[in-house]
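# Geometric and topological summary
For reference, the chains in residue letters:
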Amino acid sequence: MLRLIATRAALGVLTLLAVSALIFICTQILPGDVASAVLGQQATPEALKVFRQELGLDQPAYIRYFSWLLGVLHGDFGRALTNQRDIVEELWPRFVNTLFLACYAALLAVPLGVGLGILSALREGKLSDRISNILTLIAISVPEFFVGYILIILFAIDLAWFPSLATVFEGMGAGERLYVATLPAVTLVLVVTAHMLRMTRSSVLSIMSTPYVEMAFLKGLTRSRVVARHALPNAAGPIISVVALDLAYLVVGVVVVENVFVYPGVGQYMVDAVSKRDVPVVQACGLVFAAVFVSLNTMADILAIL
């Protein structure tokens with residue numbers, strides 16, 4: 001068991017290393033010139049040459065990659081091209097904001113999605129099960145930005161219950177932060193809960209067709225007892241994987257939601273960097289998202305094995 005867990009953990013590290021190389025390659029093959037984009041069209045050839053030397057663009061790509069990777073391993077993501085600030089100092093508070101929003105949404109979505117999924121499995125084929133299937137299918141099909149704008153129209157403009165802009169800042173109280181981040185959190189909850197509900201229901205129902213569950217029914221046990229004591233523990237592996245994927249989505253997939261609500265997280269920071277062609281910031285944000293996604297999936301694999 002320990003060897004299997006160590007193997008999965010090592011595969012997670014190798015996956016993250018491969019993703020880091022892919023992020024670096026993708027940012028390097030983008031069309032256009034970084035120096036020209038930063039300095040502008042009025043830059044002289046001499047200024048462009050000096051700026052490329054400062055960025056290390058005159059060195060081979062593999063040397064730049066290993067230099068960047070070595071800096072990342074030491075906690076140094078470099079400096080932003082637009083304002084020459086340390087990326088870690090800019091990224092860390094935004095990452096905390098993104099984690100806060102993801103945890104806020106997860107505290108609502110995980111018990112709601114798993115609980116409703118088990119309830120749908122208990123009431124398979126009944127009216128409540130059919131209604132939940134229709135509603136979750138609609139929620140999955142609608143894009144996040146559309147859900148966000150609908151919530152803004154209803155609860156920020158028409159009813160004026162919540163602010164339309166989720167502006168949080170350092171030193172803000174926990175209650176006020178929860179209030180401001182409610183609309184983006186609900187947007188994430190609606191999408192994630194629907195996916196989690198459908199996958200939990202499918203996992204439980206797939207176990208319900210096995211022979212040992214049929215034997216439990218033949219012994220006279222009630223459906224709720226069979227689901228809770230026999231089906232659910234054996235469906236825990238797929239449910240853990242689904243929950244981990246959805247938790248990763250809450251951190252990685254917030255880019256659109258953060259931009260809709262102007263939430264100061266990593267997603268908005270990355271979009272701003274893309275618009276300004278700030279390649280080091282894009283690389284840092286992409287690597288942070290990849291690290292969160294790979295870590296959660298590796299943890300899900302290990303928990304499913306256990």
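What comes next is a walk through the structure. Source: prediction; values computed, not measured.

Here we take up the overall build of the chain. In terms of regular secondary structure, the chain is built from 15 helices and zero strands. Expressed along its principal axes, the backbone C-alpha trace of the chain runs to roughly 85 × 55 × 35 Å. Counting every position in the chain, which comprises 306 residues, the buried fraction comes to 39%. Intrachain contacts of the chain at a sequence separation of at least 6 include 73% that bridge at least 24 residues. As displayed, the chain has an accessible area near 16,600 Å², and 68% of this comes from carbon and sulfur atoms. Of the charged side chains in the chain, 20 are positive and 20 negative; the average position of the first set lies 13 Å away from that of the second.

Now for the packing of aromatic side chains. In this structure the tally under the stated criterion is six aromatic pairs. Look at F155 and W161: their rings are 5.8 Å apart centre to centre, the planes differ by 40°, and that puts the pair in the tilted class. Within the aromatic cluster, the residues linked to one another by ring pairs are F24, Y65 and F66.

Within the secondary structure, T182 is located in helix 9 (residues 182-208). T182 sits in the buried class, given a relative accessible area of 13%. Within the local environment of T182, its side chain forms a polar contact with the side chain of Y104, the two groups lying 3.2 Å apart. When near neighbours in sequence (up to four residues on either side) are disregarded, T182 contacts Y104 and F162.

Another point: the nonpolar core. Counting 67 residues, the largest nonpolar core has I87, L91, V204 and M208 as its most contacted members. No other element matches the 12 residues that helix 5 (residues 87-122) contributes to this core.

Bringing the packing of helix 5 against helix 14 (residues 266-276) into the picture now. Angle between the axes and distance between the axes: these two values describe a pair of packed helices. Remark: helix 5 packs on helix 14, axes separated minimally by 8 Å, with the N-to-C direction vectors making an angle of 135°. Classified by the interaxial angle, the pair formed by helix 5 and helix 14 is oblique. Residues I87, E90, L91, R94, F95 and T98 of helix 5 lie in contact with helix 14, whose contacting residues are V266, G267, Q268 and Y269.

Structurally, A300 is set in helix 15 (residues 279-305). Its relative accessible area of 4% is what places A300 among the buried residues. Residues A300 and P238, 62 residues apart in the sequence, show an inter-C-alpha distance of 9.2 Å. With near-sequence residues (within four places) excluded, A300 lies in contact with I240, S241 and A244.

Viewed as axis vectors pointing N to C, helix 6 (residues 127-141) and helix 9 meet at an angle of 135°, and their least axial separation amounts to 8 Å. As summarised for this structure, helix 6 and helix 9 are arranged oblique, according to the angle between their axes. Note on packing geometry: the crossing formed by helix 6 with helix 9 is left-handed. Judged by residue contacts, D129, S132, N133, T136, L137, A139 and I140 of helix 6 engage L190, V191, A194, H195, L197, R198 and R201 from helix 9. Classifying every residue of the contact of helix 6 with helix 9 gives seven nonpolar, four polar and three charged.

What follows is about unusual backbone geometry. Most peptide bonds take the trans configuration, and most residues that are not glycine carry a negative phi. If you check the backbone angles, A160 has positive phi at about 55° while not being a glycine. Even without glycine at this site, V262 takes up a positive phi of about 50°. Mapped onto the fold, V262 is located in the loop between helix 13 (255-260) and helix 14. For V262, a relative accessible area of 35% corresponds to the partly exposed category.

Thresholds applied
Residues numbered from 1 in each chain as written. Predicted model: local features only at pLDDT ≥ 70, side-chain atom pairs only at ≥ 80, totals over all residues. Heavy atoms only, no water. Helix = DSSP H or I, 4+ residues; strand = E, 2+ residues; numbered from the N terminus. Buried < 20%, exposed > 50% of the residue type's maximum accessible area, 1.4 Å probe, protein only. Contact = heavy atoms within 4.5 Å. Areas by Shrake-Rupley, 256 points an atom, 1.4 Å probe, with all protein chains shown as cover. Lys, Arg positive; Asp, Glu negative; His and termini not counted. Charge placed at Lys NZ, Arg CZ, Asp CG, Glu CD. Phe/Tyr/Trp six-rings, centres within 6.5 Å; stacked < 30°, edge-to-face > 60°. Polar contact = N/O pair within 3.5 Å; in protein donor to acceptor, adjacent residues only side chain to side chain. Core = buried A, V, L, I, M, F, W, Y, C linked by side-chain atoms within 4.5 Å. Axes fitted to C-alpha atoms, helices over the stretch in contact; angles between N-to-C directions. Parallel < 35°, antiparallel > 145°, perpendicular 65-115°, else oblique. Left-handed = near helix turned anticlockwise from the far one by under 90°. Nonpolar A, V, L, I, M, F, W, Y, C, P; charged D, E, K, R; others polar.

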